[in-house]
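Overview (structure and organization)
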Amino acid sequence: MSSADSKVVYRTCSLCEACCGLAIRVESGHVTEVRPDEDDVFSHGYVCPKGIAMGEIQEDPDRVRKPLRRTPSGDFEEISWDEAMATVAERLAAVQSKYGHDAVGVYYGNPIIHNHGALSLRKALLDVLKTHNVFSAGSQDTSPRFATSYYLFGGSLVTPVADLDRATYFLCIGANPLVSNGSALTAPNMRARLRAIQERGGKVVVVDPRRTETARFADEHVAIRPGGDAAFLLAMVRVLVDRGLLDDDFIAASTTGWDDVSRRIADLDVAAASELCGVDSATIERLAVELVEADAGVAYSRVGTCNNRYGTLASYATDLLNIVAGRLGRVGGWMFPTPAFDSTLITRMPGSDGHARWHSRVRGLPETLGDLPAACLAEEIETEGAGQIRAMLTFAGNPILSTPNGRRLAAAFESLEFMVSIDLYVNETTRYADIILPSAWTLKDDHVDLLVAAFAVRDFARWSPPVLELEDGERSDWQILLDLIKRLGGGPSGRPVVDSILGVAERFGYEFNPTKLAGYLLRLGPHGDRFMPWSDGLNLDKLKAAPHGIDLGPLRPGLARLQHRDGRVRLAPEPIMKAFDELMVELRSSSPTDEVLLIGRRELRTCNSWIHNAPSMVSGRERCLLYVHPEDAERAGVADGAEARLESKVHSGAVRVHVTDEMRPGVVSLPHGWGHATAAPWQSIAGARPGVSANDWTDDQDVELVVGQSILNGVPVRLNAMH
Ligand SMILES: Nc1nc2c(c(=O)[nH]1)N[C@H]1C(S)=C(S)[C@@H](COP(=O)(O)OP(=O)(O)OC[C@H]3O[C@@H](n4cnc5c(=O)[nH]c(N)nc54)[C@H](O)[C@@H]3O)O[C@H]1N2
Ligand SMILES: Nc1nc2c(c(=O)[nH]1)N[C@H]1C(S)=C(S)[C@@H](COP(=O)(O)OP(=O)(O)OC[C@H]3O[C@@H](n4cnc5c(=O)[nH]c(N)nc54)[C@H](O)[C@@H]3O)O[C@H]1N2
Ligand code: SF4
Ligand SMILES: [Mo]
């Protein structure tokens, strides 16, 4: 088809970390078709059904398009941008002048990681708000990974990834990449990449309490008990020690602290670890030997291992296993990407990175990379005293569905003096906002991967143009944030000297633009032109001339990305060793619980909580089901397809059950991000198939040991027939 106002725009999909290239057809100002970009240098024509649904989300008639004000009846009315922005600035400032800076809380949701505009203003907003009460999706996701990287490698964003395309043995723990498309592992078309490992004569092993889509594809599935990963992985290290299979040269040349660690490992009893993790000792031993004896073995772990009691220790143990097996920085192993847009240039700035530099007021939980654990958000709102949160700003987040004990948080939000949400929808969270500021959304802005390309299995760079123009009355996220920052008395950089220069510059017609800023990171980064446009290095103009992206080659071997001054990995950071010691106490003392444990699940056509109003994402069979092993179903007296009562410490409610032997006995699985009944007035399609929220059952008072990660996997529950 061709017509004067029809065009195809090549564009990175920003719905998940895989960064697939899309070819989006636009006609008369509307998205009419989304297809894979066959020529994309990174995804080579791969996309999943979500990428194709970008058009539906763009055109969704239920999206919020104008600023809204909550009315006394709990409904919303449209107001002008000027009135909305003035109200927000005035109310936030009033709360802070009455109660102090910490009285305003901020929650950043997951989509910010794909939003270079909002990311580049994060510091400026927090500098002007001067609050310690900052929360994010990190404590449901990556905080254990960040803290581990911070301690071991010197920077939270210095994160190794599995060199999938050259590995011959892939041990995949607590991740389901065939469905999630990878997390902290940016690699479109996982199926093809895993198949290629097998075709090279290699092996894929999945460690997961559920026989997942990835486990079924793999050569071997190990049905571990939830929360058992740290014990499992550290026992593997013990096996390597016992059998003399360590890479002693690497440990001596490139690490410090091994003595501290090896002393603990020597005390770790493989049989006790086996008992705790529910994997027999022979399997632990065989897998350890297989990993180290493979030509190119690598262990990888993600969300399933992070969101439980030993989340940071398990992330650490993944690194430790790769390190002592000699796989860090080696081809086909656990390697550091060299991203074109080098986000570590930002986190290297003084005060930008760290862990436990301050703590939450009520429970004393530590910050990680600037964020406090969301598990303590409700109590910080409810508990009176200096520093109590009285007003909230949520940006691209839905914490009522995505953080533990969502019902308690909902009641806390209801009690706030003021709340503002920057979002696309009125949903389970934003319905509590006094003002909703609508984002025009990603397709109306240009796009660069400031963050997630730092986890890519190949180095690459892309710039995507806007697909659609901003219309009158529409604003991008960064424009909303910048306006708010200025109204609160701040500037675009958050650094007073720079801001005053920028202020002068603005008078001379220079306007802040986040893509310009990203352009500097690109030019200064490892693939950049260092401001010498005649060189081979990259700049934005070169990216703009390559609509399908620029491939920058396979991951580079070595440890050049390490940020500790001595260039070595620190193997024995104190906070993680403390968690190790606690695990040792548990290994010695307790016998594993025989309670039923609840874990999570991702489904192919979900994006956490927020794309269920796109018709193609909710068609077909019901997916918000509790998966239960036949033995547990029989014990509880519940049949396949029936409703059952699920009870945890914080909630009791009905769920529909699917009986399947893909579950490990004693473990039940419910996907998160459902539970849309309260959003039904504003989201007709999501509201019609609401499901229930898994985080009604998870407990905000029970957190992980090092970073205060939410425990969303391995939650003790009881299952009974409905009466
Ligand atoms: N389709 C889809 N894709 C997504 C998302 C989505 O919502 N839907 N969300 C995106 C986001 S934000 C992220 S962070 C990534 C996450 O991507 P992944 O890290 O791959 O996360 P999950 O798919 O949830 O897989 C986690 C696995 O851990 C298992 N598990 C649970 N508890 C334990 C445990 O204690 N030990 C072990 N070993 N395994 C356990 C679960 O059964 C599950 O199969 O996915 C992204 N991609
Ligand atoms: N039980 C359980 N809970 C979990 C998980 C689990 O595995 N189990 N996984 C956790 C993980 S990994 C994550 S990342 C979190 C996610 O938790 P959150 O980030 O809190 O939730 P999302 O569902 O991603 O909600 C994103 C929100 O941003 C809005 N939005 C989307 N795009 C944009 C945009 O471009 N601009 C603006 N302004 N708004 C936008 C959407 O409408 C939606 O309201 O959930 C976590 N919760
Ligand atoms: S895999 Fe992720 S990046 Fe690729 S099309 Fe699907 S949602 Fe988009
Ligand atoms: Mo996530």
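Given the structure is predicted, the values throughout are model-derived calculations rather than measurements. (Residues numbered from 1 in each chain as written. Chains lettered and ligands numbered in written order. Predicted model: local features only at pLDDT ≥ 70, side-chain atom pairs only at ≥ 80, totals over all residues. Heavy atoms only, no water.)

Moving on to the overall build of the protein chain. From N to C terminus, the protein chain includes 27 helices and 30 strands. Its C-alpha radius of gyration of 25 Å places the protein chain within 12% of the 27 Å reference for a compact globule of 723 residues. Seen along its three principal axes, the alpha-carbon backbone of the protein chain occupies a region of about 70 × 70 × 60 Å. Relative to its full complement of 723 residues, the protein chain shows a buried share of 63%. Counting contacts in the protein chain only where the partners sit at least 6 residues apart, residues at least 24 apart contribute 74% of the total. (Helix = DSSP H or I, 4+ residues; strand = E, 2+ residues; numbered from the N terminus. Rg over C-alpha atoms; globule rule 2.2 N^0.38 Å. Buried < 20%, exposed > 50% of the residue type's maximum accessible area, 1.4 Å probe, protein only. Contact = heavy atoms within 4.5 Å.)

In space, the seven strands of this open sheet follow the order 5-4-19-18-17-6-7, with mixed pairing throughout. Every other strand in the sheet has two partners, leaving strand 5 (76-78) and strand 7 (134-136) as the edge strands with one partner each. On average, adjacent strands in this sheet sit at an angle of 20° to one another, irrespective of strand direction. Inspection of the sheet shows strand 6 (residues 104-108) paired to strand 17 (residues 391-395) by five bridges, in the parallel sense. From the neighbouring strand, Tyr 107 faces strand 17, where its bridge partner is Thr 394. Where helix 3 (residues 81-99) meets the sheet, its contacts fall on strand 4 (68-70), strand 6, strand 17, strand 18 (418-423) and strand 19 (435-438), and the angle it forms with strand 19 comes to roughly 130°. (Pairing = 2+ DSSP bridges. Axes fitted to C-alpha atoms, helices over the stretch in contact; angles between N-to-C directions.)

For the rest of this paragraph, the subject is unusual backbone geometry. Unusually for a residue other than glycine, Cys 19 sits at a positive phi of about 60°. Mapping Cys 19 onto the fold places it in the loop between strand 1 (6-12) and strand 2 (21-27). The class of Cys 19 is buried, set by a relative accessible area of 2%. Phi is positive for Ala 396, close to 50°, though the residue is something other than glycine. Checked against the element boundaries, Ala 396 lands in the loop between strand 17 and helix 18 (399-402). Look at Ala 396 and you get buried, because its relative accessible area is 18%.

Summed over the entire model, instances satisfying the criterion amount to nine aromatic pairs. With centroids separated by 5.1 Å and ring planes inclined at 85°, the aromatic side chains of Phe 153 and Phe 336 adopt a geometry described as edge-to-face. Of this pair, Phe 153 sits in helix 5 (residues 143-153) while Phe 336 sits in the loop between strand 14 (334-335) and helix 16 (344-347), and the two are 183 residues apart along the sequence. Here Phe 336 falls in the buried class, since its relative accessible area comes to 2%. Relative to Trp 610, the ring of Trp 441 has its centre 6.2 Å away and its plane inclined at 85°; by these criteria the two rings are edge-to-face. Taken together, the residues span a long stretch of sequence, with Trp 441 in the loop between strand 19 and strand 20 (447-448) and Trp 610 in the loop between strand 25 (596-599) and helix 25 (615-618) at a distance of 169 residues. Residue Trp 441 is classed as buried on the basis of its relative accessible area, which comes to 10%. Here Trp 610 falls in the buried class, since its relative accessible area comes to 18%. Between the NZ or CZ atom of Lys 516 and the centre of the ring of Tyr 510, over which it lies, the distance is 4.1 Å. Taking the ring centre of Trp 463 as reference, the NZ or CZ of Lys 544 above it sits at 4.8 Å. (Phe/Tyr/Trp six-rings, centres within 6.5 Å; stacked < 30°, edge-to-face > 60°. Lys NZ or Arg CZ within 6 Å of the ring centre and 35° of its normal.)

As a matter of local geometry, ligand 1 sits amid 30 residues, with Ser 180, Asp 208, Gly 227, Asp 229 and Thr 606 nearest to it. For ligand 1, an oxygen atom lies 2.6 Å from a polar atom in the side chain of Asp 208. Arg 602 has a polar side-chain atom sitting 2.8 Å from an oxygen atom of ligand 1. Contact with the protein chains hides 98% of the accessible area of ligand 1, taken as 920 Å² for the molecule alone. Among the elements of the structure, helix 6 (177-180) and helix 14 (303-306) are those that each provide at least two residues to the shell around ligand 1. Partitioned by chemical class, the residues of the shell around ligand 1 number eleven nonpolar, twelve polar and seven charged. In terms of domain composition, the shell around ligand 1 takes at least three residues from each of domain 2 (163-330 + 559-582) and domain 3 (593-721). (Near = heavy atom within 4 Å. Polar contact = N/O pair within 3.5 Å; in protein donor to acceptor, adjacent residues only side chain to side chain. Areas by Shrake-Rupley, 256 points an atom, 1.4 Å probe, with all protein chains shown as cover. Nonpolar A, V, L, I, M, F, W, Y, C, P; charged D, E, K, R; others polar. Domains from an automatic or database assignment.)

All right, on to the nonpolar core then. Residues Leu 164, Phe 170, Leu 171, Phe 232, Leu 313 and Leu 320 are the most contacted members of the largest nonpolar core, which totals 97 residues. Among the elements that take part in this core, helix 9 (residues 229-242) stands out by supplying ten residues, more than any other. Apart from residues lying up to four places away in sequence, Leu 320 is in contact with Leu 234, Val 237, Trp 258, Val 261, Ile 265 and Leu 571. Counting 38 residues, the second largest nonpolar core, distinct from the first, contains Val 134, Ile 422, Ile 435 and Leu 437. (Core = buried A, V, L, I, M, F, W, Y, C linked by side-chain atoms within 4.5 Å.)

Before going further, it helps to spend a moment on helix 22 (residues 514-524). Considered for burial, the residues of helix 22 that qualify are Pro 514, Thr 515, Ala 518, Gly 519, Leu 521 and Leu 522. Projection of helix 22 onto a plane perpendicular to its axis shows the buried side chains occupying an angular sector of 160°, all on one side. Residues of helix 22 that are buried make contact with helix 4 (116-129), helix 16, strand 20, strand 22 (463-464), helix 20 (477-487) and helix 23 (540-544). Between the side-chain oxygen of the N-cap and the backbone nitrogen of Thr 515 there are 2.7 Å, and the N-cap of helix 22 in question is Asn 513. (Arc of directions from axis to C-beta.)

Taken domain by domain, the protein chain holds domain 1 (1-59), domain 2 (163-330 + 559-582) and domain 3 (593-721). Using C-alpha coordinates to define each centre, domain 1 is positioned 36 Å away from domain 2. At the interface, nine residues of domain 1 touch eleven residues of domain 2. Sorting the residues of domain 1 by area buried against domain 2 places Glu 17, Phe 42 and Tyr 46 first, and these three jointly supply 65% of that buried surface. Inspection of the domain 1/domain 2 interface yields zero salt bridges. (Buried area = accessible area lost by both parts, 1.4 Å probe. Salt bridge = Lys/Arg side-chain N within 4 Å of Asp/Glu carboxyl O.)

Okay, the pairing of strand 13 (residues 297-301) next. Taking burial as the measure, the five residues of strand 13 include five buried ones, the bulk of the element. Neither face of strand 13 is open: one carries Gly 297, Ala 299 and Ser 301, the other Val 298 and Tyr 300, and all of them are buried. In the sheet, strand 9 (residues 169-173) pairs with strand 13 via five bridges, with the strands oriented parallel. Of the residues in strand 13, the one forming a bridge with Ile 173 is Ser 301.

Right, let's talk about the environment of Leu 126 for a bit. Relative to the assigned elements, Leu 126 resides in helix 4. Put simply, Leu 126 and Gly 490 are 364 residues apart on the chain and 9.7 Å apart in space, counted from C-alpha to C-alpha. Leave out the neighbours within four places in its chain, and Leu 126 touches Val 106, Tyr 108, Thr 131 and Val 134.

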